[in-house]
Amino acid sequence: LAITMLAVLECLGAVESLSMAVPAMEFPMHMQALGSAFMAGLALTVWGGINIVTKLGLLFALVVFYILFSFYFGLITAPHHVGDPLQEQWITGLSTETFSNNWASHYDSEN
């Protein structure tokens, strides 16, 4: 119920903004007509989105798993940094030293 009320308020805000931006489009009952049109558009968008996600949910899940696999595979197989740290400072590989250096906050209150 709260989400429905939020959608109604968002539509009313959009109608009021549109009325202020284009005052020439005002007509009797324009707030109700435009609000209903916006709500119908939102309902169709949500219904269509749910249908698409339902039909393509497995594909989306496979994409997420592929991205996670690629991230961790790249992290594990990255070369360990040996030598001058200024030469290749962005490729460190998976190590406890890198983990401990990045664990704490790097916030500086003076900047």
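Analysis parameters
- Residues numbered from 1 in each chain as written.
- Predicted model: local features only at pLDDT ≥ 70, side-chain atom pairs only at ≥ 80, totals over all residues.
- Heavy atoms only, no water.
- Helix = DSSP H or I, 4+ residues; strand = E, 2+ residues; numbered from the N terminus.
- Buried < 20%, exposed > 50% of the residue type's maximum accessible area, 1.4 Å probe, protein only.
- Contact = heavy atoms within 4.5 Å.
- Areas by Shrake-Rupley, 256 points an atom, 1.4 Å probe, with all protein chains shown as cover.
- Expected span 1.5 Å × (residues − 1).
- Bend = angle between axes of the 7 residues up to and from the residue.
- Polar contact = N/O pair within 3.5 Å; in protein donor to acceptor, adjacent residues only side chain to side chain.

Participant: Any chance you could explain the overall build of the protein chain here in plain terms?
Facilitator: Within the protein chain one finds three helices and zero strands. Ordered by position from N to C terminus, the α and β elements of the protein chain give α-α-α. Within the protein chain, buried positions represent 8% of all 111 residues. If you take every contact in the protein chain between residues at least 6 apart in sequence, the share linking residues at least 24 apart comes to 22%. Summed over its atoms, the accessible surface of the protein chain is roughly 9600 Å², and 72% of this surface lies on carbon and sulfur atoms.

Participant: What is the right way to read helix H2 (residues 30-77) from this model?
Facilitator: Residue pairs three or four apart in sequence face the same way in an α-helix, which turns once every 3.6 residues. Here H2 is 48 residues long, yet its end C-alpha atoms lie only 61 Å apart, well below the 70 Å a rise of 1.5 Å per residue gives. In H2, a bend of some 65 degrees at Leu56 exceeds every other bend along the element. Listed in full, the buried residues belonging to H2 are His30, Leu34 and Gly35. The inward-facing, buried residues of H2 abut helix H1 (2-21).

Participant: Teacher, can you tell me more about the side chain of His30 here?
Facilitator: Tracing the backbone through its elements, the reader meets His30 in helix H2. At a separation of 3.2 Å, a polar atom in the side chain of His30 contacts the side chain of Ser19. Aside from chain neighbours lying at most four places away, what touches His30 is Ser19, Met25 and Gly35.

Any functional reading would require information beyond the geometric quantities listed.
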